[in-house]
Amino acid sequence: MSAEQGTHHIELKIPSQLVFLGVPDAILMELAGDLPAEQKTLDELSTSVIEACTNAMEHGNGMDADRFVELHFDFAPDRIQVTVLDAGPGFDFNHWTPPEDLLRERGRGITIMREFCDTLEFDTAPDGRFRVRLSKTLGEDA
Amino acid sequence: MKIKERKRDGVAILEMSGKLMGGPDATAFGDTLKTLIHEGVTNIIVDLGKVSWVNSTGLGILISGYSTVKKNGGDLKLLHVSDRIESIFMVSKLHTVFTSFDDEDEAVRSFA
């Protein structure tokens, strides 16, 4: 995929099983490989998408393999946005604060997404599903 | 995730491969550590050189292992941490907890 090809939209549904977390990573690495992005940029975005999907599977869909996590990838020459939807009620992101215990075993996903992405939005989609939207600008200055 | 275990100078080296992401991985890693501790081996090197990525649940597995080994008087150090995984340690501040090495000889010697 080259920058001259413009924008592309891809949709994907994966069962809520951790084994499928590698699928969005593979899609990003395959399709963004020709875009003008540093590997670090793609790694950070993909890591964030994996975190969003992990949360969607665990907290949104309760690891129910019959419930799907839906992903929308929007590729533009200078930017990638990924939307992740699950069946859960979501949470109040505006009042979320990161736990302080450095040796805690959970609770780092949102911090990782927030640090790695240029934009991170949580809301409820029109159909009632919980929605996370992450984006990252590509290019040398990303 | 797969775990290949070997010992060198009283140090257990756990070569991980695949993706470190929780679920069955946590059980496999925990069981491996439990067996080693039962054998009296509490100095552990986790080689992440063949791990393609880690998520926050995978980080939890490493932290749980670190805490377990520390409670038993040993230490858990990391080897061959890729740039991608290192960046996750940085943003989660876990680089201040884990000691990591690029060279296996140096990692083993650090327990002497």
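The model shown is predicted, which means the values in this text are computed figures rather than measured ones.

Concerning the sheet that holds strand E1 (residues 8-15) of chain A
Residue and element names in this part refer to chain A.
Part 1 of the reasoning: Strands sit in the order E1-E2-E3-E5-E4 across an open sheet of five strands; the sheet is antiparallel. Because the sheet does not close on itself, it has two edges, and the strands there are E1 and strand E4 (119-124). Sheet twist, expressed as the mean angle between neighbouring strand axes with direction ignored, is 15°.
Part 2 of the reasoning: Sheet analysis places strand E3 (residues 79-86) next to strand E5 (residues 130-137), joined by eight bridges and oriented antiparallel. When the sheet's bridge partners are listed, Val84 is paired in E5 with Val132.

Regarding the interface of chain B and chain A
Part 1 of the reasoning: Facing the 23 residues of chain B at the interface are 24 residues of chain A.
Part 2 of the reasoning: It is Ser56(B), Arg84(B) and Val91(B) that lose the most area in chain B upon contact with chain A, and together they represent 30% of the buried surface on that side.
Part 3 of the reasoning: If you look at where chain B meets chain A, you find two salt bridges.
Part 4 of the reasoning: For the interface between chain B and chain A, the tally reads five residue pairs in polar contact (both at pLDDT 80 or more).
Part 5 of the reasoning: For the side of chain B that touches chain A, the secondary-structure elements that each account for two or more residues are helix H2 (56-71) and helix H3 (83-91) of chain B.
Part 6 of the reasoning: Top contributing element to the side of chain B that touches chain A by residue count: H2(B), with eight residues.
Part 7 of the reasoning: Looking at the side of chain B that touches chain A residue by residue, the classes come out as nine nonpolar, eleven polar and three charged.

Focus on the packing of helix H2 (residues 39-60) of chain A against helix H3 (residues 109-116) of chain A
Residue and element names in this part refer to chain A.
Part 1 of the reasoning: The interhelical angle for the contact between H2 and H3, taken along N-to-C directions, is 150°, at an axis separation of 9 Å. Judged on the interaxial angle alone, H3 and H2 are roughly antiparallel. Between H2 and H3 lies a crossing whose hand is left-handed. In this structure, H2 uses Glu44, Thr47, Ser48, Glu51, Ala52 and Asn55 to contact H3, whose residues at the interface are Gly109, Ile110, Ile112, Met113 and Phe116.

Looking at the pattern of salt bridges
All names here are of chain B.
Part 1 of the reasoning: Going through the model one piece at a time under the given rule, you end up with 17 salt bridges over all chains.
Part 2 of the reasoning: The salt bridge partner of Lys7 is Glu5, with a shortest N-O separation of 3.2 Å.
Part 3 of the reasoning: Judged by its relative accessible area of 41%, Glu5 falls in the partly exposed class.
Part 4 of the reasoning: With a closest N to O distance of 2.5 Å, Arg8 and Asp105 form a salt bridge. Here Asp105 lies in helix H4 (residues 104-109) and Arg8 lies in strand E1 (residues 2-8), a separation of 97 residues in the sequence.
Part 5 of the reasoning: By relative accessible area, which is 34% here, Asp105 ends up partly exposed.
Part 6 of the reasoning: Each of Arg6, Arg8, Glu15, Glu104 and Asp105 takes part in one network of salt bridges that share partners.

A short note on unusual backbone geometry
Part 1 of the reasoning: In the Ramachandran plot, Met63(A) falls in the positive-phi region, its phi being about 55° despite a non-glycine side chain.
Part 2 of the reasoning: Secondary-structure assignment places Met63(A) in the loop between H2 and strand E2 (68-76).
Part 3 of the reasoning: A relative accessible area of 36% places Met63(A) in the partly exposed class.
Part 4 of the reasoning: Its identity as a non-glycine residue notwithstanding, His80(B) has a phi of 55°, on the positive side.
Part 5 of the reasoning: Inspection of the secondary structure assignment puts His80(B) in the loop between strand E4 (75-79) and H3.

Some details on the nonpolar core
Part 1 of the reasoning: Residues Leu71(A), Ile80(A), Val84(A) and Leu134(A) are the most contacted members of the largest nonpolar core, which totals 36 residues.
Part 2 of the reasoning: Looking at which element gives the most residues to this core, the answer is H2(A), with eight residues.
Part 3 of the reasoning: What Leu71(A) contacts, discounting residues up to four positions off in sequence, is Ile10(A), Glu11(A), Leu12(A), Ile14(A), Pro24(A), Val49(A), Cys53(A), Val82(A), Thr83(A) and Val84(A).
Part 4 of the reasoning: Formed by 32 residues, the second largest nonpolar core is a distinct cluster that contains Ile112(A), Ile63(B), Tyr66(B) and Ile85(B).

Digging into the pairing of E3(A)
All names here are of chain A.
Part 1 of the reasoning: Buried residues dominate E3, accounting for six of its eight residues.
Part 2 of the reasoning: Bridge count for E2 against E3 is seven bridges, and the pairing is antiparallel. Counterpart to His72 in the pairing with E3 is Thr83.
Part 3 of the reasoning: Connecting E2 to the next strand, E3, in antiparallel fashion are two residues.

Cut-offs and rules
- Residues numbered from 1 in each chain as written.
- Chains lettered and ligands numbered in written order.
- Predicted model: local features only at pLDDT ≥ 70, side-chain atom pairs only at ≥ 80, totals over all residues.
- Heavy atoms only, no water.
- Pairing = 2+ DSSP bridges.
- Helix = DSSP H or I, 4+ residues; strand = E, 2+ residues; numbered from the N terminus.
- Axes fitted to C-alpha atoms, helices over the stretch in contact; angles between N-to-C directions.
- Contact = heavy atoms within 4.5 Å.
- Buried area = accessible area lost by both parts, 1.4 Å probe.
- Salt bridge = Lys/Arg side-chain N within 4 Å of Asp/Glu carboxyl O.
- Polar contact = N/O pair within 3.5 Å; in protein donor to acceptor, adjacent residues only side chain to side chain.
- Nonpolar A, V, L, I, M, F, W, Y, C, P; charged D, E, K, R; others polar.
- Parallel < 35°, antiparallel > 145°, perpendicular 65-115°, else oblique.
- Left-handed = near helix turned anticlockwise from the far one by under 90°.
- Buried < 20%, exposed > 50% of the residue type's maximum accessible area, 1.4 Å probe, protein only.
- Core = buried A, V, L, I, M, F, W, Y, C linked by side-chain atoms within 4.5 Å.

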